[in-house]
Amino acid sequence: MSAPLTLIDSSLALPDSADVVVIGGGIVGVFTAYYLARRGLQVALIEKGRIGAEQSCRNWGWCRQQNRDARELPMATLALSLWEQFAAETGEDTGFSRCGLLYLSNDDAELDGWARWGEFGRSAGVRTQMLSAAEATRHGEVTGKPWKGGVFSPTDGTADPSRAAPAVARAFMKLGGTVHQACAARGIETEAGRLSGVVTERGTIRTRTAVLSGGAWASSFCRQQGLVFPQATIRQTVMTVSPGAGELPATLHTAGVSMTRRSDGGYLLSISGRARVDVTPQLLRFAPQFLPMFARRWRSVWPGGLEGLRSGHEGLSRWRLDRPTPMERMRILDPAPDAATLRLTHARALALVPALKERRVAAGWAGYVDSTPDGVPGIGEMTGLPGLVLAAGFSGHGFGIGPGAGHLIADIVSGAAPIVDPQPYHPDRFRSSSWGKVADF
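Not measured: the values here are computed from a predicted model. (Residues numbered from 1 in each chain as written. Predicted model: local features only at pLDDT ≥ 70, side-chain atom pairs only at ≥ 80, totals over all residues. Heavy atoms only, no water.)

1. Some words on helix α1 (residues 27-38)
Rule in force here: Strands here are runs of E lasting at least two residues and helices are runs of H or I lasting at least four, both read from the DSSP assignment and numbered beginning at the N terminus. Expected helix span is taken as 1.5 Å per residue step, with the number of steps being one fewer than the number of residues. Note on exposure labels: buried denotes an accessible area under 20% of the residue type's maximum, exposed denotes more than 50%, and partly exposed covers the range between, all computed with a 1.4 Å probe on protein chains only.
In this model α1 runs 17 Å from its N-terminal to its C-terminal C-alpha over 12 residues, within 8% of the 16 Å that 1.5 Å per residue would give. Of all the residues in α1, the buried ones are I27, V28, G29, V30, F31, T32, A33, Y34, Y35, L36 and A37. Two residues or fewer past α1, G40 is found with a positive phi of approximately 90°.

2. Structural notes on the pairing of strand β10 (residues 194-200)
Just so we agree on the cut-off: Any two strands between which DSSP finds at least two bridges are classified as paired.
The element β10 is extensively covered by neighbouring structure, given that six of its seven residues are classed as buried. For strand β9 (residues 185-191) and β10, the ladder comprises six bridges, and the chain directions are antiparallel. The residue bridging E191 from the neighbouring strand is R194, located in β10. A loop of two residues connects β9 with β10, the two strands running antiparallel in sequence, and A192 in this loop sits at a positive phi of about 55°. Pairing geometry for β10 and strand β11 (residues 203-206), over four bridges, is antiparallel. Following the sheet pairing, G197 is matched in β11 by R206. If you look at the hairpin formed by β10 and β11, you'll find two residues sitting between the two strands.

3. Description of the sheet that holds β9
The condition that has to hold: Every axis corresponds to a line fitted to the C-alpha atoms, with the helix fit spanning only the stretch in contact, and the corresponding angles, defined between N-to-C directions, vary from 0 to 180 degrees.
Strands sit in the order β9-β10-β11 across an open sheet of three strands; the sheet is antiparallel. Edge positions in the sheet fall to β9 and β11, since each of these pairs with one other strand and no more. Strand-to-strand twist across the sheet, computed as the mean angle between neighbouring axes with direction ignored, equals 30°.

4. Considerations on the packing of helix α2 (residues 73-90) against helix α5 (residues 164-174)
Definition in use: Oblique is the label for every angle not falling under 35 degrees (roughly parallel), over 145 degrees (roughly antiparallel), or within 65 to 115 degrees (roughly perpendicular). A crossing counts as left-handed when the near helix is turned anticlockwise from the far one by less than a right angle, and as right-handed when that turn is clockwise. Should any heavy atoms of two residues lie within 4.5 Å, those residues are counted as being in contact. As a working rule, the residues Ala, Val, Leu, Ile, Met, Phe, Trp, Tyr, Cys and Pro are called nonpolar, Asp, Glu, Lys and Arg charged, and the rest polar, with Gly in that last group.
In contact at an axis separation of 11 Å, α2 and α5 are set at 45° when each is read in the N-to-C sense. Judged by the inter-axis angle, α2 sits oblique to α5. α5 is crossed by α2, and the crossing has left-handed handedness. Between α2 and α5, the residues in contact are W83, F86 and T90 and A164, A167, V168, A171 and K174, respectively. Of the residues that constitute the contact of α2 with α5, the class distribution is six nonpolar, one polar and one charged.

5. Comments concerning the nonpolar core
The cut-off we apply is this: Only buried Ala, Val, Leu, Ile, Met, Phe, Trp, Tyr and Cys residues count toward a nonpolar core, and they belong to the same one when joined by side-chain atoms within 4.5 Å.
Within the largest apolar cluster, 46 residues are counted, with the highest numbers of intra-cluster contacts made by V22, I27, V30, I51, M75, W83 and F172. Only β1 (20-23), α1, β2 (43-46), α2, α5, β21 (388-392) and α12 (398-414) provide two or more residues apiece to this core. Residue contributions to this core peak at nine residues, all from α1. Setting aside residues no more than four positions away along its own chain, W83 makes contact with I27, F31, C63, T94, F96, A159, A164, F399, G400 and P403. Counting 31 residues, the second-largest nonpolar core is a separate cluster that includes C183, A185, I188 and L385.

By themselves these figures say nothing about function.
Following this line, the structure appears as structure tokens:
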């Protein structure tokens, strides 16, 4: 793997039964397991590869309210507090810090859009500061360029993708939960029309409730149960540069390139909205439902290659429960980064912040971002299979809102009052040809 990741040990034995089985050990899955275990439930967390090894360690690490879609904003706001509470409760370090997020622009239309969101944000109690030309230029002095304006969101921040999910998994295990890595969930067993067990490559765990937080694999897994979950992935490429001398901002976003300070003092560099679409059978199947999304964001994606076919996460085949599945042949989705994007990202970063020339290129990697037709996750019990709770399709937003999503899912499973209104996320909306407004951000 090219993306850095803290490794943790697995539990020794697969349990015969559990109150809840969580399928998928990304940031949403581990927080779900953690909040369920805090309520006294016996939870088994099943991961086909390593905890946090796919998109949960490959993202920017931003934990933001700024520019969130209205449906996600309540969850994003609560998630920020939950990141802090988790550290205080457990002593585990996810690298979370409210360092503030800085956006700079010389585009009037972009600035107008940020200003409109700022008005909405203030109505929802979010602190955000529009920057004048003088303020933006002062905040962005490291660029040595004048700016027409910008935004600074002081209460937003970042966490460390390389260690966040493993830290939560460790805290979950301290509560008595079990973590099973290199253990793929092959399918579901039912009894009287309800989920009765999760079949893994190492045996079956008897349970009446399972949470499917399988990221890019979720739709293929649903297909095995005769359930339809429209999902498509895009391949995004990022890179890092080494630590170096000189004071640089913790975060900086521009239309050309964005940068995020990492825990080791290096920086992650990326281009927002630049991704490859690898053609897969699943993408072709759900293409009509993604047309509104494509119409809005077609400038952000380019044709990809055969990476998606090689990865196997978006096939249409059915697999047997007594044979190895595609998830066992591809334990960790680690697609090849796009070489042209790496070159462009580095060139733009050096042009934006000349001080980066003193830092060497450290690594580059790619990841598959799982998306829904409206850019909002699917969270809720699947109507066609009682006992199976979906938690997938986070559309590139899952890391930052991970604690809020995990808390909400635990509320749904345990029957507690939900931390936010779950209705906007329910997967039943995908059963209609009119599933909702495409997310603005």
